[in-house]
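One-letter residues, chain by chain:
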Amino acid sequence: MTESASGGAARDPADRGRTTISDGVVEKIAGLAAREVEGVHAMGSGSGLSRTFGAVRERVPGGAKSSVTRGVKAEVGEVQTALDLEIVVDYGVSIRDVARAVRLNVISAVERMTGLEVVEVNIAVSDVKLPDEPDEEQPEPRLQ
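Residues numbered from 1 in each chain as written. Predicted model: local features only at pLDDT ≥ 70, side-chain atom pairs only at ≥ 80, totals over all residues. Heavy atoms only, no water.

S.K.: Tell me about the environment of Gly24, and name the residues and values.
M.R.: Mapped onto the elements, Gly24 comes out in helix H1 (residues 23-35). With 49 residues separating them along the chain, Gly24 and Lys73 place their C-alpha atoms 8.4 Å apart. (Helix = DSSP H or I, 4+ residues; strand = E, 2+ residues; numbered from the N terminus.)

Following this line, the structure appears as structure tokens:
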């Protein structure tokens, strides 16, 4: 044990204080990580109409939560977190393989960036995007 000039034990500066991570931070990390997986068409509610209304609400100030966190719910404790994701997959992909890849990518990103242990990632597949369905979610314009 190292003694400090004041006679007390010296502490590592990295151990002085507490870091808290909000649910929203973990939700953003998980949402981005899930979207990186091939076969994930969208996050959140399955029906095209619901996705359209959600996209409109996001553009209204004070509307819905951001598209990054849509379809993601996190419960964050002091050292662990649990996640629920709702995804829409592309037609023709193996849902089991996509869900496995989403879990792996989300766990890796959240644990690496936050230091929290991810105890579970529950995935609900709410819809399948068919090839002939129009894509209701329009990308945000770069210029306004």
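S.K.: Tell me about the packing of H1 against helix H3 (residues 95-114), and name the residues and values.
M.R.: A pair of packed helices is characterised by two quantities: the angle between their axes and the separation of those axes. H3 packs onto H1 with a crossing angle of 140 degrees between their chain directions and a minimal axis gap of 8 Å. By the angle between their directions, the pair H1 and H3 is classed as oblique. Considering how the two elements wind past one another, H1 and H3 form a crossing that is right-handed. Facing H1, whose interface residues are Val26, Ile29, Ala30, Ala33 and Ala34, H3 presents Val102, Asn105, Val106, Ala109, Val110, Met113 and Thr114. Its residues assigned to classes, the contact of H1 with H3 comprises ten nonpolar, two polar and no charged. (Axes fitted to C-alpha atoms, helices over the stretch in contact; angles between N-to-C directions. Parallel < 35°, antiparallel > 145°, perpendicular 65-115°, else oblique. Left-handed = near helix turned anticlockwise from the far one by under 90°. Contact = heavy atoms within 4.5 Å. Nonpolar A, V, L, I, M, F, W, Y, C, P; charged D, E, K, R; others polar.)

S.K.: Go over H1, please, and point to the residues and values.
M.R.: Helix length check: H1, at 13 residues, gives a terminal C-alpha distance of 18 Å against a target of 18 Å (1.5 Å per residue), a fit within 8%. Taken together, the buried positions of H1 are occupied by Val26, Glu27, Ile29, Ala30, Gly31, Ala33 and Ala34. On the buried face of H1, the contacting elements are strand S1 (40-43), strand S2 (72-76), strand S3 (80-90) and H3. (Expected span 1.5 Å × (residues − 1). Buried < 20%, exposed > 50% of the residue type's maximum accessible area, 1.4 Å probe, protein only.)

S.K.: Report on a negative patch on the surface, specifying residues and quantitative values.
M.R.: Taken together, the side chains of Asp23, Glu75, Asp84 and Glu120 define an acidic patch exposed on the protein surface. Inspection of the secondary structure assignment puts Glu120 in strand S4 (residues 117-129). (Patch = residues over 30% accessible without salt bridge, like charges linked within 9 Å, V, L, I, M, F, W, Y side chains within 5 Å. Areas by Shrake-Rupley, 256 points an atom, 1.4 Å probe, with all protein chains shown as cover. Salt bridge = Lys/Arg side-chain N within 4 Å of Asp/Glu carboxyl O. Lys, Arg positive; Asp, Glu negative; His and termini not counted. Charge placed at Lys NZ, Arg CZ, Asp CG, Glu CD.)

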